[in-house]
Amino acid sequence: MFVADIIDAAPKDDLASMEHPLFALGVGDMRVRTYERNGVMVKIMPGPYGCATIHDKDVWIYCISQLMEAINRGRERVGRVVQFTTHDFFRTTARRRDGESYQRMIDTLRRLAGTRIETNIETNGRRERAGFGLLDSWRVVQREQDGRMVAIEVTLPDWLWRSVEARRVLTLNPAYFKLRKPTHRRIYELARKHCGAQPKWRVSLSVLHEKSGSTSPMRNFRVDVKRLANSNDLPDYQIMLDVAADVVTFYARGPKGMQARIVDLLGRPPK
């Protein structure tokens, strides 16, 4: 068992779940969702508590972050069974610490363990048609005196552990946890995955809608993207929506992204 005790580990996410919509964007989603693109198939099946959501994914991100930091520090006792304190999890993921938060944490664990994934996504050089839960198991450690939740132990699926071993992860901006709208979190994941260190990433709105896993009509998704572009609230990236062409461009914040945006506006590099 790996004990997550590293303070301020940089948040990290695995590439496969950033690329493909494994997590639902709303609580209580009981639909079976299927996503296919470029030879990759993902089938997401809800458990009795519904599909795990993009906010539930914080458990994955927290565990990946701790594991990668431990591996980078050369620790030997690292594996897919992870124990962490609820206090540090809530602090890291910018959550409130009250009675309702602890109950919501139980609901999160139930959804993660209940949601089943069937996919042929390759991890650590292995491509196989496989099914797994988003958690293999979970356990809550409570204080004997008052029954208060003090620690959680989870077993990550082998599929995810292989991604960690292969270092198939990307660092997220800590401000990701302050994005409350599920769609905005998912759009940030996609921008981080596809834009990365590049100055820009251009994608059609229809492809962005498909890759996001959104089940809302295109017109509603378009409005949401437009509002996000106008608010300029997305960490690391600025968004430009070309309504006429239904194309979205993400520009990395910084000199390279600014130059790319000027080139697109002027049609030539600035003098």
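Let us look at the structure shown here. (Residues numbered from 1 in each chain as written. Predicted model: local features only at pLDDT ≥ 70, side-chain atom pairs only at ≥ 80, totals over all residues. Heavy atoms only, no water.)

### Topic: the environment of Ile-64
Thinking step 1. By the element assignment, Ile-64 lies in helix α2 (residues 58-72).
Thinking step 2. With a relative accessible area of 0%, Ile-64 lands in the buried category.
Thinking step 3. Residues Ile-64 and Tyr-188 lie 124 residues apart in sequence; the distance between their C-alpha atoms is 18 Å.
Thinking step 4. Residues within four places of Ile-64 in sequence aside, it is in contact with Lys-12, Asp-13, Asp-14, Leu-160, Val-164 and Val-169. (Helix = DSSP H or I, 4+ residues; strand = E, 2+ residues; numbered from the N terminus. Buried < 20%, exposed > 50% of the residue type's maximum accessible area, 1.4 Å probe, protein only. Contact = heavy atoms within 4.5 Å.)

### Description of the packing of aromatic side chains
Thinking step 1. Within the structure shown, the criterion is met by 12 aromatic pairs.
Thinking step 2. Summarising the aromatic geometry, the rings of Tyr-62 and Phe-84 are spaced 5.1 Å apart at their centres and angled 55° between planes, so their arrangement reads as tilted. Linking Tyr-62 in helix α2 with Phe-84 in strand β5 (residues 81-85), this pair joins segments that are 22 residues apart in sequence.
Thinking step 3. With centroids separated by 5.3 Å and ring planes inclined at 75°, the aromatic side chains of Phe-90 and Tyr-102 adopt a geometry described as edge-to-face. Note that Phe-90 is positioned in helix α3 (residues 86-92) and Tyr-102 in helix α4 (residues 99-114), a separation of 12 residues in sequence. As far as burial versus exposure is concerned, Phe-90 and Tyr-102 are alike and both buried.
Thinking step 4. Of the aromatic side chains, those joined through ring pairs into one cluster are Tyr-62, Phe-84, Phe-89, Phe-90 and Tyr-102.
Thinking step 5. The ring of Tyr-176 carries Arg-185 above its face, with NZ or CZ at 4.8 Å from the centroid. (Phe/Tyr/Trp six-rings, centres within 6.5 Å; stacked < 30°, edge-to-face > 60°. Lys NZ or Arg CZ within 6 Å of the ring centre and 35° of its normal.)

### Focus on the packing of α2 against helix α5 (residues 158-165)
In helix packing, the relevant descriptors are the interaxial angle and the interaxial distance, both defined with respect to the helix axes.
Thinking step 1. Closest axis-to-axis distance for the α2/α5 pair is 10 Å, and the angle between their directions is 40°. In terms of their interaxial angle, α2 and α5 are classed as oblique. When you trace α2 past α5, the crossing you get is right-handed. In contact with Trp-60, Ile-64, Leu-67, Met-68 and Ile-71 of α2, α5 contributes Trp-159, Leu-160, Trp-161 and Val-164.
Thinking step 2. Of the residues that constitute the contact of α2 with α5, the class distribution is 9 nonpolar, no polar and no charged. (Axes fitted to C-alpha atoms, helices over the stretch in contact; angles between N-to-C directions. Parallel < 35°, antiparallel > 145°, perpendicular 65-115°, else oblique. Left-handed = near helix turned anticlockwise from the far one by under 90°. Nonpolar A, V, L, I, M, F, W, Y, C, P; charged D, E, K, R; others polar.)

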